[in-house]
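These are the residues of each chain, in order.
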Amino acid sequence: MSDLLFWGALAFSLSVRFVFAFPVNAVLVHFGVKEGMKNPAEMGQSGGQAQAAD
């Protein structure tokens, strides 16, 4: 019973987190407070390793 309660609570909490976090992240990206995800190939990275910023 406790396993079912644990996994049910985990699934519920992750679902609630997604519902609230996704719109907040979208607004932050829209207003430039946060950077969105970018394609590493377009960012000039080679070999999948991040380059140090100057």
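Now for a look at the structure at hand. Just so it is clear, the model here is predicted, and its values are computed rather than measured.

Cut-offs applied
Residues numbered from 1 in each chain as written. Predicted model: local features only at pLDDT ≥ 70, side-chain atom pairs only at ≥ 80, totals over all residues. Heavy atoms only, no water. Helix = DSSP H or I, 4+ residues; strand = E, 2+ residues; numbered from the N terminus. Expected span 1.5 Å × (residues − 1). Bend = angle between axes of the 7 residues up to and from the residue. Contact = heavy atoms within 4.5 Å.

Over its 29 residues, helix 1 (residues 2-30) runs 42 Å from end to end, which matches the ideal 42 Å to within 8%, given 1.5 Å per residue. Taking the largest bend as the criterion, helix 1 deviates by roughly 25°, centred on Ala-21, and proline Pro-23 comes between one and four positions later. The positive-phi residue at the C-terminal boundary of helix 1 is Gly-32, with phi of around 80°.

To continue, consider the environment of Val-29. Topologically, Val-29 is positioned in helix 1. Setting aside its immediate chain neighbours within four residues, Val-29 contacts Lys-34, Glu-35 and Gly-36.

Geometric descriptors of this kind do not, in isolation, establish any biological role.
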